[in-house]
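Tertiary structure, described
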Amino acid sequence: MGISLQDYQTTLKSRATLTGIGVHSGNTVTIHFLPADADTGIVFHLTDGEQPMREFRALVSEVGATDLCTMLGDPAGQHIATVEHLMAAVLGLGIDNMVIEIDGREVPILDGSSIEFVEAIDQAGIEILSVKRRFIRILKTVRIESGASWAEFRPHSGTRFEVEIDFESPAIGRQSYATDLTADAFRNEIARARTFGFMKDVERLWAAGYALGSSLDNSLVIGDDHRVINVGGLRYPNEFARHKTLDAMGDLALAGARFIGCFRSYRGGHRLNAAALRRLLSDRTAFEVVETTRRGRSGEMSAISAPVYAPWTI
């Protein structure tokens, strides 16, 4: 069966800007999205004023921590935290090349979902470049387990996510969400799903210096009575599972190229997502790098030799 994938790389047509607070730091951050040349990839430029500009490539090899979010760089030094919701929008809308200027060490949380990043990218517009896009095609199943949790990549004819979660709280319980990733599916079914947490954890997080910017404006909060306390309730009946899918998309966007395959997980999170991606990329028999052989025939793909400096090399 043929698959419908964009043959050529993309970037933005113009720049866009967003300002918000970091969910963990509570600090105000401004972020600019800029067009970039083919083969640039997604690159963050940290301009926090404390040191000269520092560049971070959006790659799993740059991930320094995955405790409460996905962080690029050194947790004890220069870093950019909470990149996953932005990177989910990058993957969901099919952006290959972009420079992201940020004046703080955490991507703004905005409303806790990806929708404002989607709107910013839509405002800037998407430009198709003249250089072929490369894909990571999964050739065999690669699985990783951690206690009762697991994640795996499997061969598939498109890009698919199947995510299942299981929480003791009856407000969440056992939920699942599955989708073949397209820009329309991301915009309409995934981008508005918000991050979530429990009221009972707030004081512990505050004491540890986290969640200082968290509020009902940017998080779904479950109270001690196991009820969602946000006015308006849920945006989707399974919003929790959809947000975990969004997180997985953001984490796997750090592969350096879009993958062709199915990612499945049970009780996953940022750490497991990153570990599964590292496991995949460390096994060169598990994938091949491919590009389409001609424009308009996306079902026809051929393997190419990836240079040693390829972004998915870790």
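Heads up: the structure comes first, above all this text.
This structure is a prediction, so every number in the text was calculated from the model and none was measured. (Residues numbered from 1 in each chain as written. Predicted model: local features only at pLDDT ≥ 70, side-chain atom pairs only at ≥ 80, totals over all residues. Heavy atoms only, no water.)

The subject of this paragraph is the overall build of the protein. Each helix and strand counted, the protein has six helices and 20 strands in total. Taken over the C-alpha trace, the protein has a radius of gyration of 19 Å; the compact-globule value for 314 residues is 20 Å, and the two agree within 12%. Taken over the C-alpha atoms alone, the protein extends approximately 55 × 45 × 35 Å along its principal axes. Taking all 314 residues of the protein together, 55% fall into the buried category. In the protein, the proportion of contacts linking residues at least 24 apart, taken out of those at least 6 apart, comes to 72%. (Helix = DSSP H or I, 4+ residues; strand = E, 2+ residues; numbered from the N terminus. Rg over C-alpha atoms; globule rule 2.2 N^0.38 Å. Buried < 20%, exposed > 50% of the residue type's maximum accessible area, 1.4 Å probe, protein only. Contact = heavy atoms within 4.5 Å.)

What follows is about the pairing of strand β13 (residues 149–154). Residues in a regular strand point their side chains to alternate faces of the sheet. The buried count for β13 comes to five of six residues, which makes it a mostly enclosed element. Sheet topology note: the strand β12 (residues 142–146)/β13 ladder contains five bridges and is antiparallel. Across the sheet, valine 142 pairs through a bridge with phenylalanine 153, a residue of β13. Two successive antiparallel strands, β12 and β13, enclose a turn made up of two residues, where glycine 147 displays a positive phi of approximately 60°. Note: β13 against strand β18 (residues 258–266), five bridges, orientation antiparallel. If you follow alanine 151 over to β18, its bridge partner there is serine 265. (Pairing = 2+ DSSP bridges.)

Judged by nonpolar contacts, the single largest core of 76 residues is most densely connected at Phe33, Phe44 and Phe186. For this core, the element with the highest residue contribution is helix α1 (residues 84–93), accounting for seven residues. Apart from residues no more than four positions distant in its own chain, phenylalanine 44 is found in contact with Arg54, Glu55, Phe56, Ala58, Leu72, Ile80, Val83, Leu86, Met87, Ile100 and Val107. In terms of nonpolar packing, the next biggest core, distinct from the first, is built from five residues, Leu5, Ile260, Val290 and Met301 among them. (Core = buried A, V, L, I, M, F, W, Y, C linked by side-chain atoms within 4.5 Å.)

The calculated volume of the largest pocket comes to roughly 1200 Å³. As for the largest pocket, its lining consists of 41 residues, of which Leu68, Thr195, Phe196, Gly197 and Lys244 are closest to the centre. Put simply, the parts of the chain that give the lining of the largest pocket at least two residues each are α1, β14 (159–166), β16 (196–198), α4 (199–207), β17 (220–222), α5 (239–252) and α6 (270–281). No other element matches the six residues that α4 contributes to the lining of the largest pocket. A per-class count over the lining of the largest pocket returns 17 nonpolar, 15 polar and nine charged. (1 Å grid on protein atoms, 1.4 Å probe; cavity = no way out; pocket = protein on both sides within 12 Å on 5 of 7 lines; lining within 4 Å. Points joined across faces, edges and corners; volume = space filled by probe spheres on them. Nonpolar A, V, L, I, M, F, W, Y, C, P; charged D, E, K, R; others polar.)

This paragraph deals with a nonpolar patch on the surface. Taken together, the side chains of Met199, Leu216 and Ile229 make up a nonpolar region of the molecular surface, amounting to roughly 240 Å² of accessible area. As for its placement among the helices and strands, leucine 216 is situated in the loop between α4 and β17. Using a relative accessible area of 44% as the deciding quantity, one classes leucine 216 as partly exposed. (Patch = residues over 30% accessible without salt bridge, like charges linked within 9 Å, V, L, I, M, F, W, Y side chains within 5 Å. Areas by Shrake-Rupley, 256 points an atom, 1.4 Å probe, with all protein chains shown as cover. Salt bridge = Lys/Arg side-chain N within 4 Å of Asp/Glu carboxyl O.)

Quick look at the packing of α1 against helix α2 (residues 115–124) now. Between two packed helices, what matters for the description is the angle formed by their axes and the separation of those axes. Interhelical geometry of α1 versus α2 gives an angle of 50° and a closest axis separation of 9 Å. As far as their axial angle goes, α2 and α1 are oblique. In terms of crossing hand, the pair formed by α1 and α2 is right-handed. Taking contact as the criterion, the partners of His85, Leu86, Ala89 and Leu93 in α1 are, on α2, Phe117, Val118, Ile121 and Asp122. Grouping the amino acids of the contact of α1 with α2 by side-chain chemistry returns six nonpolar, one polar and one charged. (Axes fitted to C-alpha atoms, helices over the stretch in contact; angles between N-to-C directions. Parallel < 35°, antiparallel > 145°, perpendicular 65-115°, else oblique. Left-handed = near helix turned anticlockwise from the far one by under 90°.)

Across all of its chains, the model carries two cavities of 30 Å³ or more by this definition. Approximately 60 Å³ is the volume found for the largest cavity. Lining the largest cavity, in full, are Val163, Glu164, Ile165, Lys244, Asp247, Ala248, Ser265, Gly268, Gly269, His270 and Asn273. If you list the elements that add at least two residues to the lining of the largest cavity, you get β14, α5 and α6. Among the residues making up the lining of the largest cavity, the classes are represented as three nonpolar, five polar and three charged. What the second largest cavity holds in volume is close to 40 Å³. Forming the boundary of the second largest cavity are Val60, Val63, Thr66, Thr70, Asp251, Leu254, Ala274 and Leu277. Tallied by class, residues from the lining of the second largest cavity come to five nonpolar, two polar and one charged.

All chains considered together, the criterion is met by eight aromatic pairs. Pairing phenylalanine 33 with phenylalanine 117 gives two aromatic rings, centres 6.4 Å apart and planes at 85°, and the pair type is edge-to-face. Here phenylalanine 117 lies in helix α2 and phenylalanine 33 lies in strand β3 (residues 28–34), a separation of 84 residues in the sequence. According to the relative accessible area criterion, phenylalanine 33 is buried, its value standing at 1%. For phenylalanine 117, a relative accessible area of 1% translates into the label buried. Relative to phenylalanine 259, the ring of phenylalanine 161 has its centre 5.6 Å away and its plane inclined at 65°; by these criteria the two rings are edge-to-face. With phenylalanine 161 in strand β14 and phenylalanine 259 in strand β18, this pair connects stretches of sequence that are 98 residues apart. On the basis of relative accessible area, phenylalanine 161 is assigned to the buried category, the value being 0%. Its end group placed over the ring of tryptophan 150, arginine 143 keeps NZ or CZ at 4.3 Å from the ring centre. In this arrangement the basic side chain of lysine 200 is found over the ring face of phenylalanine 198, its NZ or CZ atom lying 5.1 Å from the centre. (Phe/Tyr/Trp six-rings, centres within 6.5 Å; stacked < 30°, edge-to-face > 60°. Lys NZ or Arg CZ within 6 Å of the ring centre and 35° of its normal.)

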